[in-house]
Amino acid sequence: MKTIKSLYKIGHGPSSSHTMGPTNAAKYFKKLFPYADEFTVTLYGSLALTGRGHLTDKAILETLAPVKTTINWNTTDTTIEHPNTMDFIAREKNKEIGCKRIYSIGGGSIKIKNETTKEVIPIDIYAESSTMQILEACRKNKITLYQYIKQHESESFWRHLNKVWQIMQQAINKGLKSTDPLPGRLKLKRKAKILFDTSIQKLKSKHIDGNRHRLMAYAFAVSETNASGGIVVTAPTCGACGILPAVLLYSKEQLKLNDQKIIEGLAVAGLVGNVARTNGSIAGAEAGCQAEVGVACAMAAAAFAYFLKLSNNQIFNTAVSALEHHLGLTCDPVLGYVQSPCIERNALAAIRAIDAADLISLSAEGRIFNFDDIVETMLTTGRALNAGYRETSTAGLADIYNKKINAKFKHKFDIKIS
(Lines give C-alpha, C1' and ligand atoms only; values in the text may rest on other atoms or scores of the structure.)
Protein backbone atom coordinates (compact mmCIF):
# COMPACT_ATOMS: atom_id res chain seq x y z
CA MET A 1 0.00 0.00 0.00
CA LYS A 2 1.30 3.45 -0.92
CA THR A 3 2.11 6.35 1.36
CA ILE A 4 -0.81 8.23 2.87
CA LYS A 5 0.92 11.40 1.70
CA SER A 6 -0.27 10.69 -1.84
CA LEU A 7 -3.87 10.73 -0.58
CA TYR A 8 -3.70 14.28 0.80
CA LYS A 9 -2.99 16.56 -2.15
CA ILE A 10 -3.06 20.35 -1.98
CA GLY A 11 -4.38 22.31 -4.93
CA HIS A 12 -7.17 24.29 -6.54
CA GLY A 13 -10.74 22.98 -6.58
CA PRO A 14 -13.37 22.26 -7.59
CA SER A 15 -12.56 18.64 -8.44
CA SER A 16 -9.63 16.36 -7.69
CA SER A 17 -10.37 14.00 -10.58
CA HIS A 18 -11.57 16.66 -13.03
CA THR A 19 -9.32 19.61 -12.10
CA MET A 20 -6.27 18.42 -10.15
CA GLY A 21 -5.88 15.19 -12.12
CA PRO A 22 -5.96 16.85 -15.56
CA THR A 23 -3.61 19.55 -14.25
CA ASN A 24 -1.12 16.90 -13.14
CA ALA A 25 -1.54 15.08 -16.44
CA ALA A 26 -0.85 18.28 -18.39
CA LYS A 27 2.24 19.02 -16.27
CA TYR A 28 3.53 15.48 -16.87
CA PHE A 29 2.97 15.66 -20.63
CA LYS A 30 4.40 19.16 -21.02
CA LYS A 31 7.57 18.04 -19.27
CA LEU A 32 7.91 15.15 -21.72
CA PHE A 33 7.67 17.43 -24.76
CA PRO A 34 9.10 20.85 -23.81
CA TYR A 35 9.74 21.78 -27.44
CA ALA A 36 6.18 21.21 -28.64
CA ASP A 37 4.55 24.24 -30.26
CA GLU A 38 1.03 22.77 -30.23
CA PHE A 39 -0.98 20.41 -28.03
CA THR A 40 -4.27 18.64 -28.62
CA VAL A 41 -6.15 17.16 -25.67
CA THR A 42 -9.21 14.94 -26.08
CA LEU A 43 -11.41 14.33 -23.07
CA TYR A 44 -13.65 11.27 -22.78
CA GLY A 45 -16.40 9.93 -20.53
CA SER A 46 -17.11 11.84 -17.35
CA LEU A 47 -14.38 14.37 -18.13
CA ALA A 48 -16.08 15.24 -21.41
CA LEU A 49 -19.59 15.30 -19.95
CA THR A 50 -18.90 17.40 -16.85
CA GLY A 51 -15.51 18.96 -17.60
CA ARG A 52 -16.81 22.46 -18.28
CA GLY A 53 -18.55 22.64 -14.92
CA HIS A 54 -15.45 21.24 -13.23
CA LEU A 55 -13.14 23.73 -15.04
CA THR A 56 -11.21 20.86 -16.64
CA ASP A 57 -10.51 22.80 -19.83
CA LYS A 58 -9.37 25.88 -17.90
CA ALA A 59 -6.99 23.79 -15.79
CA ILE A 60 -5.42 22.14 -18.84
CA LEU A 61 -5.16 25.34 -20.89
CA GLU A 62 -3.52 27.26 -18.03
CA THR A 63 -1.05 24.43 -17.39
CA LEU A 64 -0.03 24.05 -21.03
CA ALA A 65 0.13 27.81 -21.70
CA PRO A 66 1.58 29.60 -23.56
CA VAL A 67 1.64 26.72 -26.04
CA LYS A 68 -1.36 26.68 -28.39
CA THR A 69 -3.76 23.99 -27.13
CA THR A 70 -6.98 22.59 -28.56
CA ILE A 71 -9.49 20.78 -26.31
CA ASN A 72 -11.79 18.17 -27.86
CA TRP A 73 -14.85 16.84 -26.00
CA ASN A 74 -15.67 13.23 -26.92
CA THR A 75 -18.94 12.31 -25.20
CA THR A 76 -19.85 9.34 -27.41
CA ASP A 77 -16.96 6.87 -27.18
CA THR A 78 -18.05 4.00 -24.92
CA THR A 79 -14.94 1.85 -25.46
CA ILE A 80 -12.67 3.78 -23.10
CA GLU A 81 -11.00 1.79 -20.32
CA HIS A 82 -11.64 4.38 -17.59
CA PRO A 83 -14.39 7.02 -17.25
CA ASN A 84 -11.78 9.76 -16.76
CA THR A 85 -9.68 9.26 -19.88
CA MET A 86 -7.53 11.87 -21.67
CA ASP A 87 -5.50 11.68 -24.88
CA PHE A 88 -2.60 14.13 -25.16
CA ILE A 89 -0.89 14.80 -28.50
CA ALA A 90 2.20 17.01 -28.94
CA ARG A 91 3.22 18.56 -32.26
CA GLU A 92 6.21 20.51 -33.46
CA LYS A 93 6.03 22.33 -36.80
CA ASN A 94 2.77 20.49 -37.62
CA LYS A 95 4.40 17.10 -37.05
CA GLU A 96 3.23 14.80 -34.26
CA ILE A 97 6.12 14.13 -31.88
CA GLY A 98 4.37 12.23 -29.11
CA CYS A 99 1.13 11.08 -27.56
CA LYS A 100 -0.07 9.60 -24.26
CA ARG A 101 -3.34 8.22 -22.92
CA ILE A 102 -3.71 9.29 -19.30
CA TYR A 103 -6.35 8.37 -16.73
CA SER A 104 -7.42 10.56 -13.82
CA ILE A 105 -8.01 7.83 -11.23
CA GLY A 106 -9.32 9.93 -8.33
CA GLY A 107 -7.97 12.16 -5.59
CA GLY A 108 -5.81 14.05 -8.09
CA SER A 109 -3.79 10.96 -8.98
CA ILE A 110 -3.11 9.96 -12.57
CA LYS A 111 -2.05 6.81 -14.37
CA ILE A 112 -0.30 6.55 -17.73
CA LYS A 113 -1.51 3.78 -19.99
CA ASN A 114 0.99 0.89 -20.12
CA GLU A 115 3.38 2.70 -17.77
CA THR A 116 4.29 2.59 -14.09
CA THR A 117 6.54 5.41 -12.98
CA LYS A 118 7.55 6.51 -9.51
CA GLU A 119 6.91 10.08 -10.58
CA VAL A 120 3.20 9.41 -11.10
CA ILE A 121 2.51 6.39 -8.87
CA PRO A 122 4.39 6.29 -5.53
CA ILE A 123 5.96 3.00 -4.48
CA ASP A 124 4.39 0.78 -1.84
CA ILE A 125 5.66 1.38 1.68
CA TYR A 126 3.09 -0.71 3.58
CA ALA A 127 3.26 -4.51 3.38
CA GLU A 128 -0.34 -4.66 4.60
CA SER A 129 -3.16 -3.47 2.37
CA SER A 130 -6.35 -4.56 4.14
CA THR A 131 -8.04 -3.79 7.43
CA MET A 132 -7.55 -7.27 8.79
CA GLN A 133 -3.85 -7.32 7.87
CA ILE A 134 -3.31 -3.96 9.54
CA LEU A 135 -5.16 -4.97 12.70
CA GLU A 136 -3.16 -8.20 12.91
CA ALA A 137 0.13 -6.30 12.52
CA CYS A 138 -0.92 -3.92 15.30
CA ARG A 139 -2.04 -6.78 17.54
CA LYS A 140 1.18 -8.69 16.99
CA ASN A 141 3.34 -5.65 17.80
CA LYS A 142 1.00 -4.28 20.49
CA ILE A 143 0.77 -0.84 18.89
CA THR A 144 -1.92 1.66 18.00
CA LEU A 145 -2.88 2.62 14.45
CA TYR A 146 -1.02 5.89 14.90
CA GLN A 147 2.13 4.04 15.99
CA TYR A 148 1.72 1.67 13.05
CA ILE A 149 1.66 4.63 10.65
CA LYS A 150 4.64 6.24 12.35
CA GLN A 151 6.69 3.07 11.77
CA HIS A 152 6.15 3.32 8.02
CA GLU A 153 6.00 6.99 7.06
CA SER A 154 9.01 9.32 6.71
CA GLU A 155 9.65 12.65 8.41
CA SER A 156 8.55 14.47 5.27
CA PHE A 157 5.13 12.88 5.65
CA TRP A 158 4.57 14.48 9.05
CA ARG A 159 5.73 17.85 7.74
CA HIS A 160 3.25 17.42 4.92
CA LEU A 161 0.43 16.69 7.39
CA ASN A 162 1.23 19.87 9.28
CA LYS A 163 0.91 21.81 6.05
CA VAL A 164 -2.30 19.94 5.21
CA TRP A 165 -3.82 20.93 8.54
CA GLN A 166 -2.86 24.58 7.97
CA ILE A 167 -4.44 24.58 4.49
CA MET A 168 -7.61 22.97 5.86
CA GLN A 169 -7.97 25.70 8.47
CA GLN A 170 -7.30 28.40 5.89
CA ALA A 171 -10.03 26.95 3.67
CA ILE A 172 -12.46 27.09 6.59
CA ASN A 173 -11.55 30.68 7.44
CA LYS A 174 -11.84 31.79 3.82
CA GLY A 175 -15.22 30.11 3.43
CA LEU A 176 -16.60 31.68 6.60
CA LYS A 177 -15.71 35.16 5.37
CA SER A 178 -17.03 34.85 1.81
CA THR A 179 -20.53 36.09 0.99
CA ASP A 180 -20.70 36.42 -2.80
CA PRO A 181 -22.69 33.81 -4.78
CA LEU A 182 -20.86 30.70 -5.91
CA PRO A 183 -19.46 30.95 -9.46
CA GLY A 184 -21.33 29.37 -12.34
CA ARG A 185 -24.80 29.34 -13.84
CA LEU A 186 -26.56 28.08 -10.71
CA LYS A 187 -25.82 31.31 -8.78
CA LEU A 188 -26.16 29.49 -5.46
CA LYS A 189 -25.94 31.55 -2.28
CA ARG A 190 -23.23 30.65 0.22
CA LYS A 191 -24.39 29.27 3.55
CA ALA A 192 -21.22 28.87 5.61
CA LYS A 193 -21.25 32.35 7.18
CA ILE A 194 -25.00 32.17 7.84
CA LEU A 195 -24.63 28.83 9.62
CA PHE A 196 -21.64 30.06 11.60
CA ASP A 197 -23.42 33.24 12.73
CA THR A 198 -26.43 31.13 13.70
CA SER A 199 -24.22 28.81 15.72
CA ILE A 200 -22.81 31.76 17.66
CA GLN A 201 -26.29 32.96 18.60
CA LYS A 202 -27.42 29.47 19.58
CA LEU A 203 -24.31 28.82 21.65
CA LYS A 204 -24.86 32.10 23.48
CA SER A 205 -28.38 30.98 24.36
CA LYS A 206 -27.07 27.48 25.17
CA HIS A 207 -29.20 25.96 22.41
CA ILE A 208 -28.57 22.27 21.90
CA ASP A 209 -28.05 22.63 18.13
CA GLY A 210 -25.35 25.31 18.37
CA ASN A 211 -22.38 22.97 17.98
CA ARG A 212 -24.04 21.01 15.16
CA HIS A 213 -24.60 24.23 13.23
CA ARG A 214 -20.95 25.14 13.73
CA LEU A 215 -19.83 21.72 12.47
CA MET A 216 -21.98 22.15 9.36
CA ALA A 217 -20.68 25.69 8.90
CA TYR A 218 -17.10 24.40 8.78
CA ALA A 219 -18.02 21.77 6.18
CA PHE A 220 -19.89 24.32 4.08
CA ALA A 221 -16.96 26.74 4.35
CA VAL A 222 -14.41 24.32 2.90
CA SER A 223 -16.80 23.00 0.25
CA GLU A 224 -17.71 26.53 -0.86
CA THR A 225 -14.02 27.45 -1.01
CA ASN A 226 -13.52 24.39 -3.20
CA ALA A 227 -16.49 25.23 -5.43
CA SER A 228 -14.94 28.66 -5.99
CA GLY A 229 -11.66 27.16 -7.19
CA GLY A 230 -9.85 27.95 -3.94
CA ILE A 231 -6.97 26.00 -2.38
CA VAL A 232 -8.13 22.85 -0.60
CA VAL A 233 -6.89 19.40 0.39
CA THR A 234 -8.16 16.20 -1.21
CA ALA A 235 -9.66 14.29 1.71
CA PRO A 236 -9.86 12.02 -0.13
CA THR A 237 -11.18 14.18 -3.02
CA CYS A 238 -12.11 17.79 -3.67
CA GLY A 239 -15.79 16.92 -3.92
CA ALA A 240 -15.67 15.56 -0.36
CA CYS A 241 -13.02 17.92 1.00
CA GLY A 242 -15.24 19.63 3.58
CA ILE A 243 -15.99 16.68 5.86
CA LEU A 244 -12.65 15.85 7.47
CA PRO A 245 -11.51 19.46 8.11
CA ALA A 246 -14.88 20.22 9.71
CA VAL A 247 -14.66 17.23 12.05
CA LEU A 248 -11.03 17.98 12.91
CA LEU A 249 -11.67 21.61 13.87
CA TYR A 250 -14.86 20.63 15.70
CA SER A 251 -12.86 17.99 17.61
CA LYS A 252 -10.12 20.46 18.48
CA GLU A 253 -12.65 22.89 19.93
CA GLN A 254 -15.00 20.45 21.66
CA LEU A 255 -12.40 18.00 22.99
CA LYS A 256 -9.75 20.66 23.72
CA LEU A 257 -7.08 18.99 21.56
CA ASN A 258 -3.71 20.40 20.55
CA ASP A 259 -2.43 20.45 16.97
CA GLN A 260 -0.22 17.40 17.52
CA LYS A 261 -3.26 15.29 18.40
CA ILE A 262 -5.08 16.63 15.33
CA ILE A 263 -2.12 15.57 13.15
CA GLU A 264 -2.32 12.08 14.65
CA GLY A 265 -6.04 11.90 13.85
CA LEU A 266 -5.33 13.16 10.34
CA ALA A 267 -2.90 10.27 9.88
CA VAL A 268 -5.40 7.68 11.16
CA ALA A 269 -8.08 9.11 8.87
CA GLY A 270 -5.61 8.85 5.98
CA LEU A 271 -4.99 5.18 6.74
CA VAL A 272 -8.71 4.47 6.40
CA GLY A 273 -8.86 6.42 3.14
CA ASN A 274 -5.78 4.62 1.89
CA VAL A 275 -7.39 1.21 2.44
CA ALA A 276 -10.50 2.39 0.57
CA ARG A 277 -8.40 3.76 -2.29
CA THR A 278 -6.26 0.62 -2.53
CA ASN A 279 -9.06 -1.94 -2.48
CA GLY A 280 -11.99 0.10 -3.76
CA SER A 281 -12.20 3.56 -5.28
CA ILE A 282 -12.33 7.21 -4.30
CA ALA A 283 -13.46 8.42 -7.74
CA GLY A 284 -17.05 9.52 -8.24
CA ALA A 285 -16.76 8.77 -11.96
CA GLU A 286 -15.88 5.17 -11.11
CA ALA A 287 -18.06 4.35 -8.09
CA GLY A 288 -20.42 7.25 -7.44
CA CYS A 289 -20.48 9.67 -4.52
CA GLN A 290 -20.24 6.77 -2.04
CA ALA A 291 -16.56 6.65 -3.05
CA GLU A 292 -16.10 10.34 -2.25
CA VAL A 293 -18.46 11.51 0.49
CA GLY A 294 -18.83 7.97 1.87
CA VAL A 295 -15.08 7.42 2.21
CA ALA A 296 -14.55 10.95 3.55
CA CYS A 297 -17.19 10.29 6.20
CA ALA A 298 -15.43 7.05 7.16
CA MET A 299 -12.11 8.89 7.43
CA ALA A 300 -13.57 11.63 9.61
CA ALA A 301 -15.36 9.09 11.80
CA ALA A 302 -12.11 7.18 12.31
CA ALA A 303 -10.30 10.37 13.33
CA PHE A 304 -12.99 11.24 15.85
CA ALA A 305 -12.92 7.69 17.20
CA TYR A 306 -9.18 8.03 17.66
CA PHE A 307 -9.72 11.25 19.59
CA LEU A 308 -12.19 9.39 21.83
CA LYS A 309 -9.38 6.88 22.53
CA LEU A 310 -11.26 3.94 21.06
CA SER A 311 -9.40 0.71 20.24
CA ASN A 312 -7.93 -0.09 16.82
CA ASN A 313 -10.82 -2.41 16.08
CA GLN A 314 -13.39 0.15 17.20
CA ILE A 315 -11.82 2.81 14.97
CA PHE A 316 -12.26 0.62 11.89
CA ASN A 317 -15.77 -0.31 13.05
CA THR A 318 -16.55 3.39 13.18
CA ALA A 319 -15.40 3.65 9.57
CA VAL A 320 -17.69 0.72 8.74
CA SER A 321 -20.68 2.46 10.29
CA ALA A 322 -19.92 5.69 8.44
CA LEU A 323 -19.39 4.17 5.00
CA GLU A 324 -22.04 1.46 4.99
CA HIS A 325 -24.82 4.05 5.24
CA HIS A 326 -23.53 5.79 2.13
CA LEU A 327 -23.53 2.64 -0.02
CA GLY A 328 -25.24 3.29 -3.34
CA LEU A 329 -24.92 7.08 -3.08
CA THR A 330 -24.96 8.43 -6.63
CA CYS A 331 -22.80 11.18 -8.10
CA ASP A 332 -25.12 13.50 -9.99
CA PRO A 333 -23.76 17.07 -9.82
CA VAL A 334 -26.16 19.58 -11.34
CA LEU A 335 -24.68 21.08 -14.53
CA GLY A 336 -21.39 19.42 -13.63
CA TYR A 337 -20.66 21.89 -10.81
CA VAL A 338 -19.34 20.60 -7.47
CA GLN A 339 -22.10 22.51 -5.71
CA SER A 340 -25.51 20.83 -5.66
CA PRO A 341 -26.05 18.38 -4.04
CA CYS A 342 -22.33 18.04 -3.22
CA ILE A 343 -21.85 20.80 -0.65
CA GLU A 344 -24.83 19.89 1.50
CA ARG A 345 -23.76 16.23 1.45
CA ASN A 346 -20.44 17.29 2.98
CA ALA A 347 -22.19 19.03 5.88
CA LEU A 348 -24.51 16.14 6.66
CA ALA A 349 -21.70 13.59 6.35
CA ALA A 350 -19.69 15.53 8.94
CA ILE A 351 -22.56 15.06 11.39
CA ARG A 352 -22.83 11.39 10.47
CA ALA A 353 -19.12 10.90 11.16
CA ILE A 354 -19.52 12.18 14.72
CA ASP A 355 -22.64 10.08 15.24
CA ALA A 356 -20.91 6.94 13.93
CA ALA A 357 -18.05 7.31 16.41
CA ASP A 358 -20.48 7.92 19.27
CA LEU A 359 -22.47 4.85 18.29
CA ILE A 360 -19.45 2.55 18.20
CA SER A 361 -18.16 3.93 21.51
CA LEU A 362 -21.42 2.74 23.10
CA SER A 363 -21.99 -0.45 21.12
CA ALA A 364 -18.93 -1.95 19.45
CA GLU A 365 -19.78 -5.62 19.72
CA GLY A 366 -21.70 -7.80 17.31
CA ARG A 367 -20.50 -6.23 14.06
CA ILE A 368 -21.17 -8.56 11.13
CA PHE A 369 -18.96 -6.81 8.60
CA ASN A 370 -15.45 -5.38 8.70
CA PHE A 371 -14.18 -2.39 6.73
CA ASP A 372 -12.77 -4.60 3.97
CA ASP A 373 -16.27 -5.99 3.38
CA ILE A 374 -17.75 -2.53 3.09
CA VAL A 375 -15.05 -1.33 0.68
CA GLU A 376 -15.57 -4.40 -1.52
CA THR A 377 -19.31 -3.80 -1.52
CA MET A 378 -18.79 -0.14 -2.36
CA LEU A 379 -16.74 -1.06 -5.42
CA THR A 380 -19.16 -3.70 -6.72
CA THR A 381 -22.09 -1.36 -6.10
CA GLY A 382 -20.32 1.45 -7.92
CA ARG A 383 -19.65 -0.73 -10.93
CA ALA A 384 -23.29 -1.78 -10.96
CA LEU A 385 -24.52 1.81 -11.01
CA ASN A 386 -25.82 3.10 -14.30
CA ALA A 387 -23.16 5.29 -15.92
CA GLY A 388 -25.47 8.28 -15.60
CA TYR A 389 -25.06 8.14 -11.83
CA ARG A 390 -21.27 8.23 -11.97
CA GLU A 391 -20.37 11.90 -12.40
CA THR A 392 -21.79 12.41 -15.87
CA SER A 393 -24.59 14.84 -14.92
CA THR A 394 -26.96 12.90 -17.18
CA ALA A 395 -29.12 11.24 -14.53
CA GLY A 396 -30.53 11.74 -11.04
CA LEU A 397 -30.83 15.27 -9.70
CA ALA A 398 -28.82 16.63 -12.62
CA ASP A 399 -31.34 15.19 -15.07
CA ILE A 400 -34.30 16.50 -13.07
CA TYR A 401 -32.78 19.98 -13.10
CA ASN A 402 -32.17 19.85 -16.85
CA LYS A 403 -35.79 18.82 -17.46
CA LYS A 404 -37.08 21.66 -15.27
CA ILE A 405 -34.97 24.21 -17.13
CA ASN A 406 -35.97 22.85 -20.53
CA ALA A 407 -39.64 22.90 -19.53
CA LYS A 408 -39.29 26.48 -18.29
CA PHE A 409 -37.85 27.73 -21.55
CA LYS A 410 -40.26 25.65 -23.63
CA HIS A 411 -43.13 27.22 -21.72
CA LYS A 412 -41.77 30.66 -22.59
CA PHE A 413 -41.67 29.83 -26.29
CA ASP A 414 -45.18 28.32 -26.15
CA ILE A 415 -46.69 31.64 -25.02
CA LYS A 416 -48.89 33.09 -27.75
CA ILE A 417 -48.42 36.78 -28.37
CA SER A 418 -51.60 38.51 -29.56
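Refer to the structure presented above.
## Considering the layout of surface pockets
Size it by volume and the largest pocket reaches roughly 580 Å³. Surrounding the largest pocket, 31 residues form its lining, Gly11, His12, Thr19, Met20 and Thr23 being those nearest its centre. Secondary-structure elements contributing two or more residues to the lining of the largest pocket are strand E1 (10–12), helix H1 (16–32) and helix H3 (56–64). Considering every element that reaches the lining of the largest pocket, the biggest residue donor is H1, with five residues. Considering only residue class, the lining of the largest pocket consists of eleven nonpolar, 15 polar and five charged.

## Structural notes on the sheet that holds strand E5 (residues 95–106)
Taken in spatial order, the five strands of this open sheet run E3-E2-E4-E5-E6, and their pairing is mixed. Both outer strands of the open sheet, strand E3 (68–74) and strand E6 (109–112), are each paired with one neighbouring strand and no more. Strand-to-strand twist across the sheet, computed as the mean angle between neighbouring axes with direction ignored, equals 25 degrees. Here strand E2 (residues 38–44) pairs with strand E4 (residues 85–92) via six bridges, running antiparallel. Among the inter-strand pairings, Glu38 is bridged to a residue of E4, identified as Arg91. Contacts from H1 reach E2, E4, E5 and E6 within the one sheet, and its direction differs from that of E5 by about 150 degrees.

## Overview of empty space enclosed by the protein
Under the definition given, this model contains two cavities of 30 Å³ or more. What the largest cavity holds in volume is close to 120 Å³. In this structure, the largest cavity is lined by 15 residues; those nearest its centre are Gly239, Glu292, Cys331, Val338 and Glu391. Here the lining of the largest cavity is composed, by residue class, of seven nonpolar, six polar and two charged. Estimated volume of the second largest cavity: approximately 30 Å³. What lines the second largest cavity is Met168, Ala171, Val222, Val232, Val233, Cys241 and Pro245. Counting residues per element, the ones that place at least two in the lining of the second largest cavity are helix H6 (155–177) and strand E7 (231–233). Looking at the lining of the second largest cavity, its residues break down into seven nonpolar, no polar and no charged.

## Structural notes on the nonpolar core
Among the nonpolar cores identified, the biggest contains 102 residues, and Tyr8, Ile149, Leu244, Leu266 and Phe371 are the most heavily contacted of them. Ranked by the residues each element gives to this core, the list is headed by helix H12 (residues 293–307), at 14 residues. Non-local contacts of Ile149, meaning those with residues more than four positions away in its chain, are made with Ile4, Tyr126, Phe157, Trp158, Ala267, Val268 and Leu271.

The rules behind these values
- Residues numbered from 1 in each chain as written.
- Predicted model: local features only at pLDDT ≥ 70, side-chain atom pairs only at ≥ 80, totals over all residues.
- Heavy atoms only, no water.
- 1 Å grid on protein atoms, 1.4 Å probe; cavity = no way out; pocket = protein on both sides within 12 Å on 5 of 7 lines; lining within 4 Å.
- Points joined across faces, edges and corners; volume = space filled by probe spheres on them.
- Helix = DSSP H or I, 4+ residues; strand = E, 2+ residues; numbered from the N terminus.
- Nonpolar A, V, L, I, M, F, W, Y, C, P; charged D, E, K, R; others polar.
- Pairing = 2+ DSSP bridges.
- Axes fitted to C-alpha atoms, helices over the stretch in contact; angles between N-to-C directions.
- Contact = heavy atoms within 4.5 Å.
- Core = buried A, V, L, I, M, F, W, Y, C linked by side-chain atoms within 4.5 Å.
- Buried < 20%, exposed > 50% of the residue type's maximum accessible area, 1.4 Å probe, protein only.

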